[in-house]
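Results of the structural survey
Each chain, written out:
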Amino acid sequence: MKRAIRISLMAAAICVLTLMLFVGCGNKSGSTIDEPEITAEYLIEDYSQQLITDGGETMNGSIVMVKSNGTYSLDFAELEVVPSSYDDDGYYLANTNIYKAATLGSDARIVLLDDDVPVVSNADELIDENDDDTLYAVYFLGSSAELIIELDPENMIVGE
């Protein structure tokens, strides 16, 4: 009789421990860190800074992006916003003669301006908007563009 009680208690203890083990696992999707919501504000402020911290570089300029076989490549030309009283806009974009070819990273993010409001976008929308007079901040990690942010040149004028 004592042996039957001892076996029953051991089986109950094993069941309770097993149950606690499985309940403790919870519903995790492979990561214990909650990812932030991907908003234009997050990309412009926090994500861009993280790319710089990770060793990336940022350059302002124009881009021409092409899609080929499911991958995106871009040709980048660095531009500088120069104040000008001769131009109707009060500035012009000067080419610094620095060029760079890159691919768009597989996890790359894009922020475009919609009526001067930054919105998260995608590469196909950027291709549709290709224009030499549009200024972008491009964050590079090696030969890969990881973040592209459309800029308002009027906010970039230096020397005033």
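Quick notes on the rules
Residues numbered from 1 in each chain as written. Predicted model: local features only at pLDDT ≥ 70, side-chain atom pairs only at ≥ 80, totals over all residues. Heavy atoms only, no water. Helix = DSSP H or I, 4+ residues; strand = E, 2+ residues; numbered from the N terminus. Buried < 20%, exposed > 50% of the residue type's maximum accessible area, 1.4 Å probe, protein only. Lys, Arg positive; Asp, Glu negative; His and termini not counted. Salt bridge = Lys/Arg side-chain N within 4 Å of Asp/Glu carboxyl O. Polar contact = N/O pair within 3.5 Å; in protein donor to acceptor, adjacent residues only side chain to side chain. Core = buried A, V, L, I, M, F, W, Y, C linked by side-chain atoms within 4.5 Å. Contact = heavy atoms within 4.5 Å. Pairing = 2+ DSSP bridges.

1. Re the side chain of glutamate 78
Its location among the elements puts glutamate 78 in strand 2 (residues 71-83). Despite its burial, glutamate 78 pairs with no opposite charge; the closest candidate is lysine 100, at 9.9 Å N-O. Polar side-chain contacts of glutamate 78 include one of 2.9 Å to the side chain of threonine 96.

2. Describing unusual backbone geometry
Only a minority of non-glycine residues have a phi that is not negative, and only a minority of peptide bonds are not trans. Notably, asparagine 69 is not glycine yet its phi reads approximately 55 degrees, a positive angle. Position of asparagine 69 relative to the elements: it lies in the loop between strand 1 (57-68) and strand 2. Asparagine 69 sits in the exposed class, given a relative accessible area of 79%. In this structure, asparagine 97 takes a positive phi of about 65 degrees despite not being glycine. With respect to the helices, strands and loops of the structure, asparagine 97 is situated in strand 3 (residues 91-114). Residue asparagine 97 is classed as exposed on the basis of its relative accessible area of 59%.

3. With respect to the nonpolar core
Formed by 17 residues in total, the largest nonpolar core has its most connected members in Leu74, Leu104 and Ile148. For this core, the elements supplying multiple residues, two or more each, are strand 1, strand 2, strand 3, helix 3 (123-128), strand 5 (135-141) and strand 6 (144-151). Considering each element in turn, this core owes the most residues, 4 residues, to strand 3. In this view, isoleucine 148 contacts Ile63, Leu74, Leu104, Arg109, Ile110, Val111, Leu126, Tyr136, Ala137 and Val138; residues no more than four positions away in its chain are not counted.

4. Re the pairing of strand 3
Here 10 bridges tie strand 2 to strand 3, and the two strands are oriented antiparallel to one another. Along strand 3, the bridge assignment pairs glutamate 80 with alanine 94. In terms of strand pairing, strand 3 meets strand 6 through 5 bridges, oriented parallel. For isoleucine 110, the partnering residue across the bridge sits in strand 6 and is isoleucine 148. Bridging between strand 3 and strand 4 (residues 117-121) involves 5 bridges; their strand directions are antiparallel.

5. Digging into the pattern of salt bridges
This structure, assessed with the given rule, holds 2 salt bridges. Between glutamate 57 and lysine 100 there is a salt bridge, with the nearest N and O atoms lying 2.7 Å from each other. Residue glutamate 57 is found in strand 1, and its partner lysine 100 is found in strand 3; the two are separated by 43 residues along the sequence. On the basis of relative accessible area, glutamate 57 is assigned to the partly exposed category, the value being 38%. Among the ionic pairs, aspartate 124 bridges to lysine 67, the shortest N-O distance being 3.9 Å. Taken together, the positions of aspartate 124 in helix 3 and lysine 67 in strand 1 put the pair 57 residues apart, joining distant regions of the chain. Assessed through its relative accessible area of 35%, aspartate 124 is described here as partly exposed.

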